[in-house]
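Coordinate analysis (summary)
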Amino acid sequence: MIDTYSKYENSCVEWIGDIPVDWKSVRLKWIAKISKGKKPNTEYEEPSNGKLPYLSMEYLRGQTSSPSYADPEQESLLQVDEGDHLILWDGSNAGEIVTAKKGFLSSTMAKIDIQDDRFIDGYLNYLLQIAQSHIQANTIGMGIPHVSGTILKDVLMIIPTQLEQSKISQYLDHQTGLIDTIIEKKQQLIEKLKEQRQAIINEAVTKGLHPNAPMRDSHVKWLGKIPEHWKILKLKYLADVTRGAILRPVDDPNYFDDNGVWTYLNISDATKCDKYLYSGKLKLSELGSTKSARVEPGNLIMTASATIGKIFINQIPVCVHDGFIPIRKLKCNINFLYHYLRNPQLYVGIGKSNTQKNIYVDEVKNMFIALPPKDEQEEIYHYLEVQEVNYKNIMEKLENQLQKIINYRHSIISEAVTGKIDVREWEPRIKETA
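Residues numbered from 1 in each chain as written. Predicted model: local features only at pLDDT ≥ 70, side-chain atom pairs only at ≥ 80, totals over all residues. Heavy atoms only, no water.

**Quick notes on the overall build of the protein**
The line we're drawing: Helical segments are the DSSP runs of H or I of at least four residues, strand segments are the runs of E of at least two, and each set is numbered from the N terminus. Residue burial is assigned from relative accessible area. The probe radius is 1.4 Å, only protein chains are included, and a residue is buried under 20% of its type maximum, exposed over 50%, and partly exposed in between. It only takes one pair of heavy atoms within 4.5 Å for two residues to be counted as in contact. Only the protein chains shown count as cover for residues, with accessible areas throughout obtained via the Shrake-Rupley method and a probe of 1.4 Å. Asp and Glu are treated as the negative residues and Lys and Arg as the positive ones, with His and the ends of the chain left uncounted. Positions of charges follow a simple convention, taking NZ of Lys, CZ of Arg, CG of Asp or CD of Glu.
Helix and strand counts for the protein come out as nine helices and 27 strands. With the C-alpha coordinates of the protein rotated into their principal frame, the extents come out at 75 × 65 × 55 Å. Here the protein, with 434 residues, has 47% of them falling under the buried criterion. Within the protein, contacts between residues at least 6 apart in sequence are counted, and of these 72% link residues at least 24 apart. Accessible surface for the protein amounts to roughly 22800 Å². Of this, 48% is attributable to carbon and sulfur atoms. The average position of the 53 basic charges and that of the 56 acidic charges among the side chains of the protein differ by 5 Å.

**Some details on the sheet that holds strand β4 (residues 32–36)**
Cut-off, in case you're wondering: For two strands to be treated as a pair, DSSP must find no fewer than two bridges joining them. Where helices are involved, their axes are fitted lines through C-alpha atoms of the stretch in contact, as for all axes, and angles between N-to-C directions lie from 0 to 180°.
The strand order across the open sheet built from four strands is β4-β11-β8-β9, with neighbouring strands paired in antiparallel fashion. Looking along the sheet, the strands with just one partner apiece sit at the ends: β4 and β9 (97–99). Each strand axis lies, on average, 30° off the axis of its neighbour in the sheet, ignoring direction. One ladder, built from three bridges, connects strand β8 (residues 85–88) with β9; its direction is antiparallel. Its bridge partner being in β9, Ile87 is matched across the sheet by Ile97.

**Digging into helix α4 (residues 162–207)**
Worth spelling out the cut-off: Helix span, as expected, comes to 1.5 Å for every residue beyond the first.
If you check α4, its first and last C-alpha atoms are 63 Å apart, about what 46 residues at 1.5 Å a residue would give, namely 68 Å. Count one or two residues on from α4 and you reach Gly208, which has phi positive near 85°.

**A word on the side chain of Asn343**
Test applied: Two N or O atoms count as a polar contact when they lie within 3.5 Å, although within protein this holds only if one can serve as hydrogen donor and the other as acceptor, and sequence-adjacent residues are included solely when both atoms are side-chain atoms.
Looking at the element boundaries, Asn343 is found in the loop between α7 (334–340) and β25 (352–353). Of the polar contacts made by the side chain of Asn343, one reaches the side chain of Asn202; its length is 3.4 Å.

**Describing the nonpolar core**
The cut-off we apply is this: Definition of nonpolar core: a set of buried residues of the types Ala, Val, Leu, Ile, Met, Phe, Trp, Tyr and Cys, connected through side-chain atoms within 4.5 Å.
Ranked by size, the top nonpolar core spans 51 residues in total, and within it Leu28, Ile87, Ile114, Phe119, Met157, Leu172 and Val417 carry the most contacts. For this core, the elements supplying multiple residues, two or more each, are β11 (109–114), α2 (121–136), β12 (156–159), α4 and α9 (374–417). With nine residues, the single largest contributor to this core is α9. Not counting residues up to four positions away in its chain, the partners in contact with Phe119 are Ile31, Ile114, Leu124, Leu127, Met157, Ile158, Ile159, Gln162 and Gln165. Val220, Trp230, Val241 and Tyr340 belong to the second-largest nonpolar core, a separate cluster that totals 36 residues.

**With respect to the sheet that holds strand β6 (residues 69–70)**
By definition, the strands of a sheet pair up through backbone hydrogen bonds, in either a parallel or an antiparallel sense. The strand order across the open sheet built from four strands is β6-β5-β10-β7, with neighbouring strands paired in mixed fashion. Strands at the two margins of the open sheet, each flanked by one partner only, are β6 and β7 (79–80). When β7 meets strand β10 (residues 103–105), the two strands line up antiparallel, connected through two bridges. Across the sheet, Gln79 pairs through a bridge with Phe104, a residue of β10.

**Notes on the side chain of Ser148**
With respect to the element layout, Ser148 can be found in the loop between α2 and α3 (149–153). What makes Ser148 buried here is its relative accessible area of 10%. There is a polar contact of 3.2 Å between the side chain of Ser148 and the backbone nitrogen of Ile151. For Ser148, the contacting residues outside a window of four places in its chain are Asn138 and Ile140.

**With respect to the pairing of strand β5 (residues 52–55)**
Pairing of β5 with β6 involves two bridges; the strand directions are antiparallel. When the sheet's bridge partners are listed, Leu52 is paired in β6 with Ala70. Sheet topology note: the β5/β10 ladder contains two bridges and is parallel. The residue of β10 that forms the bridge with Leu55 is Leu105.

Set out below in structure tokens:
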């Protein structure tokens, strides 16, 4: 049974609430130095001659094991060490707190250097995790979200005694360790289902639904054999493939109107939607819509920056910046092409990665499409829609379960680091042995 403290006082911060009366607090701006990363002048593929990795978000998250490298002699770069506290400054996940590896900090991130010896590192890690939600809820920027420097600097840092911090850290290491094991198993199950679903899609759009159909070599390595009556065409012969256009200047208030007809998309709008996009955060004025790339409802749009290869169909009038590639004037079934372009094999080996990966219009135009006759496109689409509904129902149940577990993890951390529970007497249960 976990107790509470005997006496509390109001922290005067809504997302923190009451804290134990004996605990201290201080604004982040008084105890921390916040430094933005920079882009190197030259990037290298190999870590020769003492070169250090350039820390992109993908690398820090473990999504890639092949970073680019930079030369330590470039004094303008910000070098960080293993375990330093970093914050993602720009992008759809702006405000996310991550732990550094040794290297040079990306221009999309900043280092939070806490210069106060009252903090124990383990407790500090958990406190910053709770602050993350507040920072992310208050990002700024018309197109691409950015961390608000004012909000970040005003974050209230709660300071129990170091003995309490140590105990809180010990308690949370134990509790989150148990929860993280459950989370990992749920995530693995969800990933297996995603792989199964993708395999069904890939098989249908490249081999068809008739296993006894005569096959021929496509002469495209990743495609292999296709039904012999299908065509192989480059996407540019099936659609008008263009690039979006960013507003300049992107923060001009004359370009925005809450009652505008045209929605100005950002990458986070795209990553949140499924097959269809029904809404977005930002509305453009009539003037603003003329400064970007208009896409009428009912067209395919591909993300081409940061998150690449996400395909969706816009159901509302949108304007897209240069992180998107609209695919219009189709000469084939839009639903068939939607499923076809979801194949991750199409995006292997294309694009260029600097601070984030980008793909180019010409690369998309020259993608090979295995195209069945129109009636077969329709047949494949209807088959996949049924499969999608089945998988979606299962996935939604699992993801709801996962989100409840993640929320529970967050609440445990929040309760401990803000003193809603008293863990000073807590000890881990020791299993009885025979």
